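# An overview of the molecular structure
So you can see what is in the structure, the chains are spelled out below.
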Amino acid sequence: MLYRGVGGAAVDGIVAFFTLVKRYRICEEFVARWGDPLGPGGRILSITRGVERNLQVADIPEISRADSQGPVGRRTDEWSECLTLIAANQDRAAFTRFFRHFAPLIKAFALAGSSLSATLADELVQEVMLKVWQKAGGFNPEKAAASTWVYTIARNCRTDMFRRLQKFDTPLAEEDVFPDQESEEPFALLQGKRTEERVRELMKGLPADQMQILAKVYMEGKSHAEAAAELDLPLGTVKSRVRLAIQKLQIQIDR
Amino acid sequence: MAKFHPDLDLLTEHAAGNLPLAQAACVSVHMNYCEQCQRTTGQLQGLGAALFESLHAAPVGDTLLNAVLARLDDAPPLSYATSPGWAAGKTPAILQRLMRGDFTELVWKKITGTLSISYLKTGDPNYEFALYHIKAGGRIPEHTHRGSEMTLVLEGGFSDADGSYHQGDFMLRRPGDVHAPTAVQSEDCICLAVLDAPLRFTGWQYRWMNPFLQLRAG
């Protein structure tokens, strides 16, 4: 009994130690790459160059030490705000801004892997944007970035469109497969959002072969087996590259 | 709390929206019982969103914008007073959608003294999507799989040589896996099974049935 207790504590200690080491190394890598995000003269603005043109000056909040969200957090905030405005006032101006930013991405998603014709891609853009208009009230900015929310709608609509094209006679829509989750604890929510931001940052460091496969799987909608056939790779290689990428992005598989 | 989960490959394919409808529905039912897989899927969707954001934007003209703006009046915002979502303890919403009623109202086809099957229609042309009802303590004759089989425990539990499974537990069997599941003694077991090829009984008492076992896909 005692031994077990002591052994258990030792194992816990070792796990905690390595978790810390891992965390520390992430911070180090992050700082080496981007500079101290909280430091004076924050290099954050240079990172967000591409983002700035989409932001009004008034929209850029002061960078304070308390704001550890980083550039991506602020960027998503503009789109979250649009969704809030749409939900609250059926604000067409906000909708138009949202459309101009996301419609080209939705269209690119529809065309990825030349899975849909240009006409169908436009149809998908319309469908997704109408859903955005209708479902804005269900968006919870605490839970996810606006882009994640739009991505899941686009993914669901595209899957439904594929099934319609294949003449599936089904009582199910992809929204039934991915229902809106009930609200979780605030801590879990915060963690989820931080994870999203971390994934975005770490993705920049992924090797090209892993990015290529992730793009096939997620953007082109190819199964692991289809990706393997297209790239002329063994299925095992595709699976292990996906798993490696997920590991590098520090996506937690807790069970 | 579920102890057996879809592996990371499956969760990734699920989050990317690439699983066949019947399999996706089965994984979705597992999520109903499993917060961990919900969280992991959430993160895997975050990965999808990050890739989505970094796509090369395809030009979209004002014609399309105007077309959408013109349709907004016909698309009234949905109200979110009550969220459907996941609700533990209840029959998962996606199954309710396929069943119209509860388990007792389904048409059950008797296969052996202890096993009945009810086929649900998902519209997926390649997969059978069925509920298995095993009487308490009952045994499914030893069988092997010609294709893949996803199994998810909805009520009660069963065990086989590899372990014992309870509500929410998910298993993926591959071609050639042989097993003879036995339901727990205390209560009847209801499982969801998704197959892409019919079972094949291996025991001599039941082998004669094999030619009659057909996949009820659709």
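The rules behind the values
Residues numbered from 1 in each chain as written. Chains lettered and ligands numbered in written order. Predicted model: local features only at pLDDT ≥ 70, side-chain atom pairs only at ≥ 80, totals over all residues. Heavy atoms only, no water. Contact = heavy atoms within 4.5 Å. Buried area = accessible area lost by both parts, 1.4 Å probe. Salt bridge = Lys/Arg side-chain N within 4 Å of Asp/Glu carboxyl O. Polar contact = N/O pair within 3.5 Å; in protein donor to acceptor, adjacent residues only side chain to side chain. Helix = DSSP H or I, 4+ residues; strand = E, 2+ residues; numbered from the N terminus. Buried < 20%, exposed > 50% of the residue type's maximum accessible area, 1.4 Å probe, protein only. Lys, Arg positive; Asp, Glu negative; His and termini not counted. Pairing = 2+ DSSP bridges.

Counting residues at the interface gives 68 residues for chain B, matched by 72 residues for chain A. In total, chain B and chain A occlude about 6600 Å² of area from one another, counting both sides; carbon and sulfur atoms represent 64% of this. Considering only the side of chain B, the residues that lose the most area to chain A are Q43, F52 and E53 of chain B, jointly responsible for 11% of the buried surface there. The tally of links between chain B and chain A comes to 7 salt bridges. A salt bridge links D9 of chain B to K239 of chain A, with the nearest nitrogen and oxygen atoms 4.0 Å apart. Taken together, chain B and chain A are joined by 23 residue pairs in polar contact (both at pLDDT 80 or more). In terms of residues, the side of chain B that touches chain A owes the most to one element, helix α3 (residues 35-53) of chain B, which gives 16 residues.

Topologically, D169 of chain B is positioned in the loop between β7 (163-165) and β8 (170-173). Buried charge without a salt bridge: D169 of chain B, with K3 of chain B as the nearest opposite-charge side chain at an N-O distance of 6.4 Å.

Attention now moves to the sheet that holds β8 of chain B. Residues and elements named next belong to chain B. If you walk across this open sheet you meet the 6 strands as β1-β2-β3-β11-β5-β8, and the pairing is antiparallel. With one partner strand each, in any of the chains shown, β1 (109-110) and β8 form the two edges of the open sheet. Note: β1 against strand β2 (residues 115-120), 2 bridges, orientation antiparallel. In the strand pairing of β2, K109 is matched with I117.

Function cannot be inferred from these measures alone, as they are strictly geometric.
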